[in-house]
Amino acid sequence: MEIRVQVTQYVEDRIIALRKQNRNSEKYQNIGVIRGNAMKFLPNFFHHSQLSKIFFCFPDPHFKQRKHKARIVTNTLLSEYAYVLKEGGIIYTITDVLDLHEWMVQHLDEHPLFERLSTEWEDQDVCVKIMRNSTEEGKKVSRNKGSKYVACYKRLPNPEC
């Protein structure tokens, strides 16, 4: 789910190309892209505990204080992410903006249904390697010799009542 038209089109084109390259295979049949606002419509697209991974790759930092409410990681939205993420599922975050990284870490740390995974775990995870080195934005940050900040969180079980 992506809100930006150009990014959605780029991802769709890549999926189509990969399917054509792997015509005689089942590869890339379980992937798709939807243009939409996850902040508003996520629960309309996914059932409770349907997802095993959610990725926030280089989200808009919304630098101005008055725009912080538009950030993709907030207390309210984290509860929605917890709803669609299965227990043990992972939220992946990566950004090149330290302030945004600290914001996301603070909010995820404060939420009772998420627990940060270790940097050792991140260093071994294939998805983290792809986010850092194979995404278009990750490559651009590397070309510009920028920093990349990663944080991954596991979805905890709901507390007993």
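Above this text you will find the structure in question.
The paragraphs below set out a description of the structure included in this document.

So, about the packing of helix 2 (residues 38-45) against helix 3 (residues 75-84). Where helix 2 contacts helix 3, the two axes come as close as 10 Å, and the packing angle between them is 20°. If you check the angle between helix 2 and helix 3, you find them roughly parallel. By crossing handedness, the relation of helix 2 to helix 3 is classed as left-handed. Of the residues in helix 3, those in contact with Met39, Leu42 and Pro43 of helix 2 are Leu77, Glu80, Tyr81 and Val84. Among the residues making up the contact of helix 2 with helix 3, the classes are represented as six nonpolar, no polar and one charged.

If you trace the backbone, phenylalanine 56 turns up in strand 1 (residues 51-57). Here the alpha-carbon distance between phenylalanine 56 and valine 105, two residues 49 residues apart in the chain, equals 12 Å. Every residue in contact with phenylalanine 56, bar those within four places of it in the chain, is listed here: Ile72, Val73, Tyr81, Ile91, Tyr92, Thr93 and Ile94.

Across all of its chains, the model carries four salt bridges by this definition. Between arginine 71 and aspartate 99 there is a salt bridge, and its shortest N-O distance comes to 3.1 Å. Taken together, the residues arginine 71 in the loop between strand 1 and helix 3 and aspartate 99 in helix 4 (residues 98-110) connect sequence positions 28 residues apart. Relative accessible area serves as the criterion here: at 1%, arginine 71 is assigned to the buried category. Relative accessible area serves as the criterion here: at 40%, aspartate 99 is assigned to the partly exposed category. A salt bridge links glutamate 137 to lysine 140; its shortest N-O distance comes to 3.5 Å. Taken as a pair, glutamate 137 and lysine 140 lie in helix 7 (residues 136-143) at a separation of three residues, close to a single helical turn. Under the relative-accessibility criterion, glutamate 137 is labelled partly exposed at 30%. Take lysine 140: its relative accessible area is 38%, and that puts it in the partly exposed class.

What counts, and where the lines are drawn
- Residues numbered from 1 in each chain as written.
- Predicted model: local features only at pLDDT ≥ 70, side-chain atom pairs only at ≥ 80, totals over all residues.
- Heavy atoms only, no water.
- Axes fitted to C-alpha atoms, helices over the stretch in contact; angles between N-to-C directions.
- Helix = DSSP H or I, 4+ residues; strand = E, 2+ residues; numbered from the N terminus.
- Parallel < 35°, antiparallel > 145°, perpendicular 65-115°, else oblique.
- Left-handed = near helix turned anticlockwise from the far one by under 90°.
- Contact = heavy atoms within 4.5 Å.
- Nonpolar A, V, L, I, M, F, W, Y, C, P; charged D, E, K, R; others polar.
- Salt bridge = Lys/Arg side-chain N within 4 Å of Asp/Glu carboxyl O.
- Buried < 20%, exposed > 50% of the residue type's maximum accessible area, 1.4 Å probe, protein only.

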